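As a plain string of letters, each chain reads:
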Amino acid sequence: MGEVLPFRREPAVPDREPLWREAVGGQLRQERAERGERLVDVAGRAGVSAQYLSELERGLKEPSSEVLAAVAGALRLTVADLTTRASGRLLVRQQFSGPVCLVA
């Protein structure tokens, strides 16, 4: 039988760390979706346009503290609740590259 050669492991390469606006935006979208609410309804209660709220949720806009408080309030959250939940999205995901050996 042949010689067993060890695979050379490549170091883990982290994905790009998410931006704060992306983490908050993703959390806003998740909170709204879990409540089954439409963009237009939450935006109306927050006093912003549905288009602007959509841009916030997609992480395209950096909200001011006043807008963040208004949108959080429209979702019946405090800013502290929203930011605490969004902070979990900032964890850097690891991806591994290189060969994989499956043994049966």
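Below you will find a few notes about this structure. (Residues numbered from 1 in each chain as written. Predicted model: local features only at pLDDT ≥ 70, side-chain atom pairs only at ≥ 80, totals over all residues. Heavy atoms only, no water.)

## Some remarks on the nonpolar core
Counting residues in hydrophobic clusters, the biggest one holds 17 residues, and the most contacted among them are Leu28, Leu53, Val71 and Leu82. Elements that contribute at least two residues to this core include exactly helix H1 (20-34), helix H2 (39-46), helix H3 (50-57), helix H4 (65-74) and helix H5 (79-87). Apart from residues lying up to four places away in sequence, leucine 82 is in contact with Val24, Gln27, Leu28, Leu68, Ala72 and Leu77. (Core = buried A, V, L, I, M, F, W, Y, C linked by side-chain atoms within 4.5 Å. Buried < 20%, exposed > 50% of the residue type's maximum accessible area, 1.4 Å probe, protein only. Helix = DSSP H or I, 4+ residues; strand = E, 2+ residues; numbered from the N terminus. Contact = heavy atoms within 4.5 Å.)

## A look at the packing of H1 against H5
Running from N to C, H1 and H5 cross one another at 110°; their axes reach a closest spacing of 9 Å. Relative to H5, H1 is oriented roughly perpendicular. Crossing hand, H1 versus H5: right-handed. From H1, Trp20, Ala23, Val24, Gln27, Leu28 and Glu31 reach across to H5, where they touch Leu82, Thr83, Arg85, Ala86 and Ser87. Within the contact of H1 with H5, the residues separate by chemical class into 6 nonpolar, 3 polar and 2 charged. (Axes fitted to C-alpha atoms, helices over the stretch in contact; angles between N-to-C directions. Parallel < 35°, antiparallel > 145°, perpendicular 65-115°, else oblique. Left-handed = near helix turned anticlockwise from the far one by under 90°. Nonpolar A, V, L, I, M, F, W, Y, C, P; charged D, E, K, R; others polar.)

## Overview of the packing of H1 against H3
The contact between H1 and H3 brings their axes to 7 Å, and the two run at 120°. Contacts between H1 and H3 involve Arg21, Gly25, Gly26, Leu28, Arg29 and Arg32 from the first element and Ser54, Leu56 and Glu57 from the second. Taken together, the residues of the contact of H1 with H3 break down into 2 nonpolar, 3 polar and 4 charged.

## Focus on unusual backbone geometry
With a phi angle near 60°, arginine 76 is a residue other than glycine that sits in the positive phi range. Within the secondary structure, arginine 76 is located in the loop between H4 and H5.

## A word on the side chain of glutamate 31
The topology assignment puts glutamate 31 in helix H1. Here glutamate 31 is in contact with Leu75, Leu77 and Arg85, once residues within four sequence places are set aside.

## Quick notes on the pattern of salt bridges
Proximity of charged atoms lets side chains of opposite charge pair with each other. Taken as a whole and assessed by the stated rule, the structure comprises 7 salt bridges. Measuring nitrogen to oxygen at the nearest pair gives 2.9 Å for the salt bridge that ties arginine 85 to glutamate 31. Highlighted residues: arginine 85 in helix H5 and glutamate 31 in helix H1, separated in sequence by 54 residues. Among the residues examined, arginine 85 registers a relative accessible area of 40% and is labelled partly exposed. Classification of glutamate 31 by relative accessible area gives buried; the value is 4%. A salt bridge links glutamate 37 to arginine 45, with the shortest nitrogen-to-oxygen separation between them at 2.6 Å. Residue classification places glutamate 37 among the buried residues on the basis of a relative accessible area of 14%. (Salt bridge = Lys/Arg side-chain N within 4 Å of Asp/Glu carboxyl O.)

## Some thoughts on the environment of leucine 56
Along the chain, leucine 56 falls in helix H3. Given the relative accessible area of 2%, leucine 56 is considered buried. For the pair formed by leucine 56 and arginine 29, sequence separation is 27 residues and the distance between their alpha carbons is 8.8 Å. Setting aside anything within four residues of it in sequence, one finds leucine 56 in contact with Arg21, Gly25, Leu28, Lys61, Pro63, Val67 and Val71.

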